[in-house]
Amino acid sequence: MFIRRKTNRGGSVSIQVVDTSGRKDKLIRTIGSSRDADKVEALYKAAQAFIDHYHLQLAINFTQAEDESFFTSVKKGLKQIEMIGPELILGKLFDAVGFNIIEEDLFRHLVISRLVFPLSKLKTTAYLLQYKSIIIEVDQLYRFLDKLHLKYKDTVQNASYQHTLKILEGNISIVFYDVTTLYFESSDEDDLRKTGFSKEGKHQNPQIVLGLLVSINGYPLAYEIFEGNKFEGHTMLPVIEKFKHKYQLQKLIIVADAGLLSKNNIDELLQKGYEFILGGRIKSEKRELKQKILSYSFTDGESIIMSRDNDTQLIVSYALARSKKDNQNRERGLKKLETALRKGKLSKQHINNRGYNKYLKLEGEIQISIDYNKFNADAQWDGLKGYITNSKIPKEQIIDNYKHLWQIEKAFRISKTDLRIRPIYHRLQRRIEAHICIAFCAYKIFKELERQLKLNKTKISAEKAIDLMKTIYKISVELPKSSNSSSFIFAPNDQQQELLKIFKLNI
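Conventions and cut-offs
Residues numbered from 1 in each chain as written. Predicted model: local features only at pLDDT ≥ 70, side-chain atom pairs only at ≥ 80, totals over all residues. Heavy atoms only, no water. Axes fitted to C-alpha atoms, helices over the stretch in contact; angles between N-to-C directions. Helix = DSSP H or I, 4+ residues; strand = E, 2+ residues; numbered from the N terminus. Parallel < 35°, antiparallel > 145°, perpendicular 65-115°, else oblique. Left-handed = near helix turned anticlockwise from the far one by under 90°. Contact = heavy atoms within 4.5 Å. Nonpolar A, V, L, I, M, F, W, Y, C, P; charged D, E, K, R; others polar. Buried < 20%, exposed > 50% of the residue type's maximum accessible area, 1.4 Å probe, protein only. Arc of directions from axis to C-beta. Expected span 1.5 Å × (residues − 1).

On to the packing of helix H6 (residues 138-167) against helix H14 (residues 429-455), then. It is at 8 Å that the axes of H6 and H14 come closest, and there the two elements cross at 30°. With respect to H14, the element H6 is oriented roughly parallel. By crossing handedness, the relation of H6 to H14 is classed as left-handed. Between H6, through Tyr142, Leu145, Asp146, Leu148, His149, Lys153, Val156, Gln157, Ser160, His163, Thr164 and Ile167, and H14, the contact on the second element is made entirely by Arg430, Arg431, Glu433, Ala434, Cys437, Ile438, Phe440, Cys441, Lys444, Glu448 and Arg451. When its residues are assigned to classes, the contact of H6 with H14 shows 10 nonpolar, 5 polar and 8 charged.

Below is the structure:
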């Protein structure tokens, strides 16, 4: 929360208490208004008292105490109420991962804040002031972002790598790569921020391309950002090469989805001696290979392996559940096309290979219809999934490894929702880089939190754990009669106590 001074049309000043913890600012209470400067200052102090009392009510209800006089004195001696849960737990994980190698408190605050209240940098300073009593000027924060970009990017990626190496017992031989796009609110383009194909449908906004490399189980290893109009297939090799040489890795198996499949990528991977598992577009294979696939009678869970060009192989698997889903999706897409055609909402511009538009065709020069023959022919591919590889490991392991790609999709989803990595409001490249660096570190801590919760076999999810942390307070009081100061952690419910116990915080 923070206190806002609002100048009214008549010249008076209103003092308001505003909550900044959500996506939008929320007015909690208007304390009052006045034209007199002294009265305005008095209203400001009253607003501060309201915030203290508001936090107090969140933490403990003194009115229910049996010894009312005692608690009245405690209430008068109240010095501070601080939300301590995030620092106790996320701060412990921050240290365990090794991010405390950067001995700057601001870095710690920014990373933990990104997990607890992922706000703009301006709102983050308000959060730190109200919840942590930490005064940080916005200019000070921006200067630190510049320093973070110049000095610490490799440091934090190395800390994340070393921690992941430890928990995976030294075995990082399989890595997973994917890209996403992150858009900007500003419409201005520059050398980095450019309009391009947006995975978020923000084609009118300039964007950057983010390439992320993760290990098995989705632990982040490395990232790079690229110009917003860069083809995603051209991002993979630079990230992997840099990662391999940095840590002097002799053997890596690269796993990526079909969006990164191109002849140039395969040729480069082969030339540089990588093993790889790529999602295959089986309907784009040569005619002879497609005929061979369709001539085979698959049973549920069965897979076959076939030779392909350039010392690569094509593995094709079949799943009954996937077949049903493919059929449902095609039927749903067809119904949408039929509805749009009936309402006259289709034009020549819709004749393309995007999604289910591939079933459209032109009859004569002006009439658009649906090619039902093409729709029915697609049914024979339902349930089939292809994988292109040069790896010598068994095909069952290849299919199983590819399935782990959902971890990187989860990483992007968490980054965009829980961590609110986008939209990005920064303009300078070095601050964009720093913003991504903070989100990378926050995601690493999120994954470690998730891992620790799983090891302890709790039903508390990582998201729920963070919500619980925000309800754990440290209360400091001074008893008026004795002048003795004391503080205690307020975590009264069972789930709060379970969380503290998991992380060996015996409070």
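As a further point, take helix H12 (residues 395-403). Of all the positions in H12, only Ile398, Ile399, Asn401 and Tyr402 are classed as buried. Buried positions in H12, seen along its axis, are confined to an arc of 165° and lie on one side of it.

Attention now moves to unusual backbone geometry. Backbone geometry at Lys457 places phi at a positive 55°, although glycine is not the residue there. Overall, Lys457 belongs to the exposed group, its relative accessible area being 77%.

Glancing now at the environment of Leu129. Inspection of the secondary structure assignment puts Leu129 in helix H5 (residues 121-132). Owing to a relative accessible area of 39%, Leu129 belongs among the partly exposed residues under this scheme. Among all residues touching Leu129, those that are not within four sequence positions of it are Ile134 and Ile135.

Further remarks concern the packing of H14 against helix H15 (residues 462-469). At a minimum axis separation of 9 Å, H14 and H15 run at an interaxial angle of 100°. Comparing their axes, H15 and H14 come out roughly perpendicular. Of the residues in H15, those in contact with Phe446, Leu449, Glu450 and Leu453 of H14 are Ala462, Glu463, Ala465, Ile466 and Met469. A breakdown of the residues in the contact of H14 with H15 according to their chemical character gives 7 nonpolar, no polar and 2 charged.

With that settled, the discussion passes to H5. A rise of 1.5 Å per residue sets the reference length of H5, with its 12 residues, at 16 Å; its end C-alpha atoms lie 15 Å apart and thus fit the reference within 8%. With 9 of 12 residues buried, H5 is to be regarded as a mostly interior element. For H5, the full list of buried residues reads Lys121, Thr124, Thr125, Ala126, Tyr127, Leu128, Gln130, Tyr131 and Lys132.

Read these as spatial facts, not as claims about activity.
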